[in-house]
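A structural walkthrough
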Amino acid sequence: MHEAASPARCLIQALACALALLSPAAWAQPAPVQAVTETLHGTTVTDPYRYMEDAADPRARTWMQSQGQAARATLDRIEGRAALLARLDELNRGQGDRHQGLVRLAAGAVFYLLRPAGARQFKLVTRPSLEGAPRVLVDPEDLARRTGTPHAINYFEPSWDGRYVAYGISAGGSEDASLYVLDVRTGEVVGAPIPRVPHGGVSWLPDSRSLAFNQLRALPAGTPDAETYLDTTVRVLRVGDPEAQARAVYGPLATPTLGLSRLDNGRLIFAPDSQWVIAASNDTTQREGPVFVARVADLRSNPVPWKRIARFEDHLVDLQLKGHHLYVRTKAGAPRFEVRRVDLRQPDLAKAERVAQAPADGLIEGFEIGRDQVITRVRQGATIGLRLHARGDTAGQPVALPFAGAAWLADDAAHAHRDFVYALAGWSQPSAGFLLRPDGTSQPLPQFTTALSTRLPDLEVQDVQVRSHDGVAVPVTLLHRKGLPRDGRNPALVLGYGSYGLTMTAGFRPSDMVWIEQGGVLAVANVRGSGVLGDPWRQAGTRATKPNTWKDGIAVAQYLIDQGYASPATMAVAGGSAGGIFAGRAITEAPQLFAAAVIHVGLLDALRAETTANGITNISEFGSVKDEAGFRSLLAMSTYHQIRDGTPYPAVMFVHGLNDRRVDAWHSAKTAARLQAANPGGKPVLLRLDAQDGHGIGRTASQANAIAADQISFLLWQMGRRVLAPAAQ
């Protein structure tokens, strides 16, 4: 199960030790400068901290060590942080057991992830039926206790008959998962783990004795990071057989005649009642891509006689197989998406039957197929409702939900049930489980419901439209205590993301509640680049149009000021990952509007992201420095390159895990160094590092609570609501 420590892993461990030993005073030292200057498409670009991209560089290690220690020491001195952390722990425990990713098999057994109240990590659990007794199959905490390193379940997929379950395990938040297969009856792992299967894409053949998985290449030492996710291969292996016997059936190297790109990330789709198998690809960023079909029996052929159904331009986003038909969610000719049905005996997209279309005031976010009906998830702003579609009813019948929020459907992969299982969560209501009967009525499922055992503030939720820089209305949800005075003195936090068409959605988050309990206003902004209003809204925040993303955020901050919710002295912005563009460029373009910002695992040096393992997969979303138009767009969205000397920027806390492969930690390190140098006597710039964390997937409950406590404490401190205790002598 354990692999030999890599040089990078050893460096991370050394950094972790140093973070614990260095004195807090070390943070005051500026980062060494070693400028790299280059000319890109006629523009001179200077990078003073390029060396930080090399984890082996002793200057980078030493400076990051001192910064991490200084951030920890400073955050621990903020008045009331311990009380905030205790309240976050209370709210998390008060939710009771947490459930995620329920899969329902044809015979009635269910598999899901469970984090019991007060536990650190999710476990893999099964029940013989919805009402049956739960049984823990895999507990990552057992591994954590043995190794001292947090482990997490990245994904799981039960076989059709429930005999086996495949799952991925990774350590330290790295997402570098290996694939395991467990015999559900005995509780024993079958065969050896298969390395380099980080992103799921695991599926079972109809016989439940063989599975398909997408595997990364084994790269020799010294291979550039940008090669990491290229040329992946889908393989098929019988349970218990050694990895060497896995047959390559799909991928750029396995099936070169299909014309796949090196970025094509493949998966196979099966159904127990179907003789067909679907092969589909995407670049991990854009969900659509080429789609092919073959017969399951053809998987024994070399090569497999795949027949193309669709190209990227056909925009088949979600795919589900049932009998002779492939159901697809597509935006082709439907900017708010619709569901269509393709007959695989004559797979002609032009003859596909429309199954479901979006209502005039919403868009189809997803769908599931039951035995008799199709159910769609319909987004309206930050909420998601459900509609049932009988055969021929493309408009569907809306489902009356128990309360307003966002509904999520359990996976009925075999499409065997006449009813549906769904979870519903609201801004102040934790997740509750329900069984949706065929007549559209809902039956509570107490065993999948988290009942809150602690009081919450009286919450006011308001959906507003904010006019942006170009007059376009941006949908925003405001949350705060009822009766909040509009005297311009309230702490306010603008949250945004705005990439990949991903939309910020209603849900219960303890950190939101604690912020509101502290008198805070939360503005959840679905800026351009999100999918809140369909594909045109997404396209209005990509590449050359990306400035709309952060300009929308700036407009939201100005709206809160104009409406008396806050002032620049009490205004903050936060974003994570690609949302680092949103938050980072908001504070660099309009620093006068903000007192503080928190940026989590942020993409901040957009010009250099393409050199990283995951950066190359983002070219379709953001562009490439290799062409001039792409370079211009990336330069505009690169926070690191937009920092100007002598500018009074707001206080900033960067949060990053050292095991992050999606957005390397040097994004935060370089940007923190540049901000400190640009205004050396200005507001604090903290670099909060965690050597046992990555991009957030697999993060333990205690890690998440600590980050939330640090964010709230930091913001309140910078808004004058908290003081910093004297440093220990």
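An account of the accompanying structure is given in this report.

So, the overall build of the chain
The helix and strand tally for the chain stands at 12 helices and 38 strands. Computed over its C-alpha atoms, the radius of gyration of the chain comes to 25 Å, within 12% of the 27 Å expected for a compact globule of 729 residues. Considering only C-alpha atoms, the chain reaches an extent of 70 × 60 × 50 Å along its principal axes. By residue count, 61% of the 729 residues in the chain fall in the buried class. In the chain, of all internal contacts separated by at least 6 residues, the share reaching a separation of at least 24 is 58%. Carbon and sulfur atoms provide 51% of the accessible area of the chain, an area that totals close to 27800 Å². Separation between the mean location of the 76 positive side-chain charges and that of the 70 negative ones in the chain comes to 1 Å.

What to know about the pairing of strand β15 (residues 265-269)
The buried count for β15 comes to 4 of 5 residues, which makes it a mostly enclosed element. In terms of strand pairing, β15 meets strand β16 (residues 276-282) through 5 bridges, oriented antiparallel. Looking across to β16, one finds that Arg267 is bridged to Ala280. Taking the residues between adjacent antiparallel strands as the criterion, β15 and β16 are bridged by 6 residues.

Here's the deal with the packing of aromatic side chains
Any two aromatic rings considered together are summarised by their centre-to-centre distance and by the angle between their planes. Here the structure, examined in full by the defined rule, presents 9 aromatic pairs. Where Phe714 meets Trp717, the ring centres are 6.0 Å apart and the plane angle is 75°; that geometry is what we call edge-to-face. Of the two residues, Phe714 and Trp717 both sit in helix α12 (residues 701-718), 3 residues apart, roughly one turn of that helix. Taking the relative accessible area as the measure of exposure, Phe714 reaches 0% and is therefore buried. Through successive ring pairs, a cluster of aromatic residues spans Tyr250, Phe292 and Trp306. Above the face of the Phe448 ring, Arg127 is positioned so that its terminal group lies 5.1 Å from the ring centre. The aromatic ring of Trp408 is capped on one face by Arg377, whose charged end is 4.1 Å from the ring centroid.

Some thoughts on the nonpolar core
The biggest cluster of nonpolar side chains holds 76 residues, and the ones touching the most others in it are Met52, Trp63, Val476, Val494, Leu560, Met571 and Phe654. With 8 residues, helix α7 (residues 547-562) is the largest single contributor of residues to this core. Setting aside its immediate chain neighbours within four residues, Trp63 contacts Gln29, Pro30, Ala31, Met52, Ala669, Ala672, Ala673, Gln676 and Leu687.

Examining helix α10 (residues 628-637)
All of the buried residues along α10 are Gly630, Phe631, Ser633, Leu634, Leu635 and Met637. Looking at the buried residues of α10, the elements they touch are β1 (36-40), β2 (43-47), α7, α8 (579-589) and α9 (619-622).

Side note on the sheet that holds strand β35 (residues 571-576)
Read across the sheet, 8 strands follow the order β31-β32-β34-β33-β35-β36-β37-β38 without closing on themselves; strand pairing throughout is mixed. Of all the strands in the sheet, just β31 (459-467) and β38 (685-690) have a single pairing partner and so form its edges. For this sheet the average axis-to-axis angle between neighbouring strands, irrespective of direction, equals 20°. Where helix α2 (residues 58-76) meets the sheet, its contacts fall on β37 (651-657) and β38, and the angle it forms with β38 comes to roughly 100°.

Quick look at the packing of α2 against helix α11 (residues 666-678)
Contact geometry of α2 with α11 gives a least axis separation of 11 Å together with a crossing angle of 75°. It follows from the interaxial angle that α2 and α11 lie roughly perpendicular. Within the contact between the two elements, α2 uses Trp63, Met64 and Gln67 and α11 uses Ala669, Ala672, Ala673 and Gln676. Partitioning the contact of α2 with α11 into residue classes produces 5 nonpolar, 2 polar and no charged.

Description of the side chain of Thr542
Mapped onto the elements of the fold, Thr542 is located in the loop between α6 (535-539) and α7. In this structure the side chain of Thr542 is engaged in a polar contact, spanning 3.3 Å, whose partner is the backbone oxygen of Gln539.

Concerning helix α5 (residues 510-517)
Across the 8 residues that make up α5, a large majority, 7, are buried. Listed in full, the buried residues belonging to α5 are Pro510, Asp512, Met513, Val514, Trp515, Ile516 and Glu517. Packing partners of the buried residues in α5 comprise α3 (81-94), β31, β32 (473-481), β33 (492-495), β34 (521-525) and α12. In the segment just after α5, Gly519 is the residue with positive phi, at about 90°.

Thoughts on the pattern of salt bridges
Going through the model one piece at a time under the given rule, you end up with 46 salt bridges. A salt bridge links Glu53 to Arg608; its shortest N-O distance comes to 2.8 Å. Of the two residues, Glu53 sits in the loop between β2 and α2 while Arg608 sits in the loop between β36 (596-600) and α9, which places them 555 residues apart along the sequence. A network of salt bridges, in which partner residues are shared, links Glu38, Asp47, Arg50, Glu53, Asp605, Arg608 and Lys670.

Observations regarding the sheet that holds strand β20 (residues 325-330)
One key point about sheets: their strands pair by backbone hydrogen bonds, in either a parallel or an antiparallel sense. Read from one edge of the open sheet, 4 strands run β19-β20-β21-β22, paired in antiparallel fashion. Two strands in the sheet have a free side with no partner beyond their single neighbour: β19 (316-322) and β22 (353-357). Ignoring strand direction, the axes of neighbouring strands in this sheet form an average angle of 25°. Bridge analysis of β20 against strand β21 (residues 338-343) gives 6 bridges, and the strand direction is antiparallel. In the sheet register, Val328 faces β21, and the bridge partner there is Arg340.

Observations regarding the environment of Leu409
Secondary-structure assignment places Leu409 in strand β27 (residues 406-409). Since its relative accessible area comes to 18%, Leu409 is described here as buried. Along the chain, Leu409 and Val421 lie 12 residues apart, while their C-alpha atoms are 6.2 Å from each other. Residues within four places of Leu409 in sequence aside, it is in contact with Phe367, Glu368, Ile375, Arg377, Leu386, Val421 and Tyr422.

Structural notes on unusual backbone geometry
Residue Pro303 is reached from Asn302 by a cis peptide bond, and omega for that bond is 5°. Position of Pro303 among the secondary structure elements: in the loop between β17 (291-295) and β18 (307-310). Positive phi is not limited to glycine here, since Ser208 has a value of about 60°. Mapped onto the secondary structure, Ser208 falls in the loop between β11 (203-204) and β12 (210-215).

What about the packing of α3 against α12?
Following both chains from N to C, one finds α3 and α12 inclined at 135°, their axes separated by 9 Å at the closest point. Comparing the axis directions of α3 and α12 gives the class oblique. Between α3 and α12 the crossing geometry is right-handed. Each of Arg81, Leu84, Leu85, Leu88, Asp89 and Asn92 in α3 lies in contact with α12, whose residues at this interface are Asn705, Ala706, Ala708, Ala709, Asp710, Ile712 and Ser713. Tallied by class, the residues present in the contact of α3 with α12 amount to 7 nonpolar, 3 polar and 3 charged.

Side note on the environment of Ala525
Take Ala525: it is sitting in strand β34. Beyond its immediate stretch of four places on either side in the chain, Ala525 contacts Pro475, Val476, Val494, Leu495, Gly496, Met504 and Val556.

How each quantity is defined
Residues numbered from 1 in each chain as written. Predicted model: local features only at pLDDT ≥ 70, side-chain atom pairs only at ≥ 80, totals over all residues. Heavy atoms only, no water. Helix = DSSP H or I, 4+ residues; strand = E, 2+ residues; numbered from the N terminus. Rg over C-alpha atoms; globule rule 2.2 N^0.38 Å. Buried < 20%, exposed > 50% of the residue type's maximum accessible area, 1.4 Å probe, protein only. Contact = heavy atoms within 4.5 Å. Areas by Shrake-Rupley, 256 points an atom, 1.4 Å probe, with all protein chains shown as cover. Lys, Arg positive; Asp, Glu negative; His and termini not counted. Charge placed at Lys NZ, Arg CZ, Asp CG, Glu CD. Pairing = 2+ DSSP bridges. Phe/Tyr/Trp six-rings, centres within 6.5 Å; stacked < 30°, edge-to-face > 60°. Lys NZ or Arg CZ within 6 Å of the ring centre and 35° of its normal. Core = buried A, V, L, I, M, F, W, Y, C linked by side-chain atoms within 4.5 Å. Axes fitted to C-alpha atoms, helices over the stretch in contact; angles between N-to-C directions. Parallel < 35°, antiparallel > 145°, perpendicular 65-115°, else oblique. Nonpolar A, V, L, I, M, F, W, Y, C, P; charged D, E, K, R; others polar. Polar contact = N/O pair within 3.5 Å; in protein donor to acceptor, adjacent residues only side chain to side chain. Salt bridge = Lys/Arg side-chain N within 4 Å of Asp/Glu carboxyl O. Left-handed = near helix turned anticlockwise from the far one by under 90°.

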